[in-house]
Amino acid sequence: MIEDIAGLHHVTALATSAARNNAFFTDLLGLRRVKKTVNFDRPEVYHLYYGDETGAPGTVMTYFPFPNAKRRTPGTGEVSTTAFAVPKGSLSYWADRLAGRTPTTQATRFGEARLQLDGPDDDDLSLVECDDARTPWTGGGVPGDAALRGFHSVELRLRDVAPTAELLGFMGYVEEASDGPVTRFRMPDGNGADIVDLVQSDLPSADQGAGSVHHVAFAVADRDAQARVRDSLTAQGFDVTEQIDRDYFWAIYFRSPGGVLFEVATAEPGFARDEEAAHLGEALKLPEQHAHLREQLESTLEPIND
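Starting afresh in each chain, residues are numbered from 1 along the sequence in its written order. For this predicted model, a pLDDT threshold of at least 70 governs which residues receive local features, and a threshold of 80 or more governs which side-chain atom pairs are given and counted, while totals over whole chains, interfaces and linings are taken from all residues. The basis for every side-chain value is the complete set of non-hydrogen atoms in the structure, without hydrogens or water.

### Brief notes about the packing of aromatic side chains
Alright, step 1. Here is the rule: rings of Phe, Tyr and Trp (six-membered ring for Trp) pair when centre to centre is within 6.5 Å. Planes less than 30 degrees apart are stacked, more than 60 are edge-to-face, and the remainder are tilted. Applying the stated criterion across every chain, the model contains 12 aromatic pairs.
Alright, step 2. Between F25 and Y50 the ring centres are 5.2 Å apart and the planes differ by 15°, which places this aromatic pair in the stacked class. With F25 in helix α1 (residues 18-28) and Y50 in strand β3 (residues 46-51), this pair connects stretches of sequence that are 25 residues apart. Both residues of the pair, F25 and Y50, belong to the buried class.
Alright, step 3. Summarising the aromatic geometry, the rings of F25 and Y63 are spaced 5.1 Å apart at their centres and angled 40° between planes, so their arrangement reads as tilted. Taken together, the residues F25 in helix α1 and Y63 in strand β4 (residues 60-65) connect sequence positions 38 residues apart.
Alright, step 4. Classification of residues uses two cut-offs on accessible area relative to the type maximum, computed with a 1.4 Å probe and protein chains only: under 20% is buried, over 50% is exposed, and between them is partly exposed. On the basis of relative accessibility, which here comes to 0%, the residue F25 falls in the buried class.
Alright, step 5. Three or more aromatic residues link up through ring pairs in this structure, and these residues are Y173, F218, F238, F254 and F262.
Alright, step 6. By definition here, charges over rings are those cases where NZ of Lys or CZ of Arg is within 6 Å of the ring centre and within 35 degrees of the ring normal. It is R223 that lies over the ring of W250; its NZ or CZ is 3.5 Å from the centre. Under the scheme used here, helices are H or I runs from DSSP no shorter than 4 residues and strands are E runs no shorter than 2 residues, and both carry numbers assigned from the N terminus.

### What to know about the sheet that holds strand β2 (residues 32-38)
Alright, step 1. Between any two strands, at least two bridges found by DSSP are needed for them to pair. An order of β2-β3-β4-β1-β13-β16-β15-β14 is seen for the 8 strands of this open sheet, with the pairing classed as mixed. Because the sheet does not close on itself, it has two edges, and the strands there are β2 and β14 (244-245).
Alright, step 2. Looking at chain direction, strand β1 (residues 8-15) and β4 are connected through 6 bridges and run parallel. Looking at the pairing, V11 lines up with M61 of β4.

### Some remarks on unusual backbone geometry
Alright, step 1. Of the consecutive residues E268 and P269, the connecting peptide bond is found in the cis state with omega at 0°.
Alright, step 2. On the secondary structure map, P269 appears in strand β16 (residues 261-269).
Alright, step 3. Even without glycine at this site, F110 takes up a positive phi of about 50°.
Alright, step 4. Following the sequence through the fold, F110 ends up in the loop between β6 (104-109) and β7 (112-118).

### Some remarks on α1
Alright, step 1. When we look at burial in α1, the residues that qualify are A18, N21, N22, F24, F25, T26 and L28.
Alright, step 2. We call two N or O atoms a polar contact when they sit within 3.5 Å, provided that within protein one can donate a hydrogen and the other can accept it, with sequence-adjacent residues counted only if both atoms are side-chain atoms. A distance of 3.4 Å separates the backbone nitrogen of A19 from a side-chain oxygen at the start of α1, and that oxygen is part of S17.
Alright, step 3. The positive-phi residue at the C-terminal boundary of α1 is G30, with phi of around 80°.

### Topic: the pairing of β16
Alright, step 1. In the sheet, strand β13 (residues 213-220) pairs with β16 via 5 bridges, with the strands oriented parallel. In the sheet register, V220 faces β16, and the bridge partner there is T266.
Alright, step 2. Where strand β15 (residues 249-255) meets β16, 6 bridges bridge the pair, whose relative direction is antiparallel. Note on β16: the bridge partner recorded for I252 is V264.

Listed below in structure tokens is the structure:
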């Protein structure tokens, strides 16, 4: 069994408008934009990162905004909901704050109250009340007694949960509870972003588009830990990429049995590697291979007004 995974690292999704996406996560949800950069493979597309003050693993939601992206068709084989942790008693604040700005529905899962809401491209998001000791970012105007603490969980909707359940067990997760089609797995002594919910469904396969999660990343401390995880997964027959430098972390990728793309990402070097911590996410940062495109990209990328 793998012993190096600490919980979730980040979740990356697809969007349409960069400006609308930025406004939703910073102005409405109160997260900090910790990096404004571009897609390594498509430099004409932003890669936007939102999280806590430093962009700590387990707090960072990231987006690729493709201006002409089609909308997703929900289904199986995808991350169906991304949930954020909020303090107990804060959902009334959030219901008032979100009223008239995005549809919301109240629900309960495993005894935890949750507010389900639509993201800027009808992304399926939730705020879940729970005890969470992580320090929130409050520079976005949301008070500390309501601010998002980071991820609570991701939900994977699958036609057959058993193979992914086995994989999660191998990755160090422990089955904690089950209720109808939902089975909860938790990382013991994790980083706070500890939960993966598997949902059994007979829906057709999802069609990825704006509002879809592209991949979910799990956290490890460093490249040595990542190499051990890669060796363990490869020994189990998974086709895992080599370690890839993503500037702010190193990444490996593999396809889970249910079809969801998994990443394992390092905590190092972090988002302050190329700008001061007090000014994270303010300037457009470009990967070295795209630095020569700065003038072109600054004139063609959608303006983001902060």
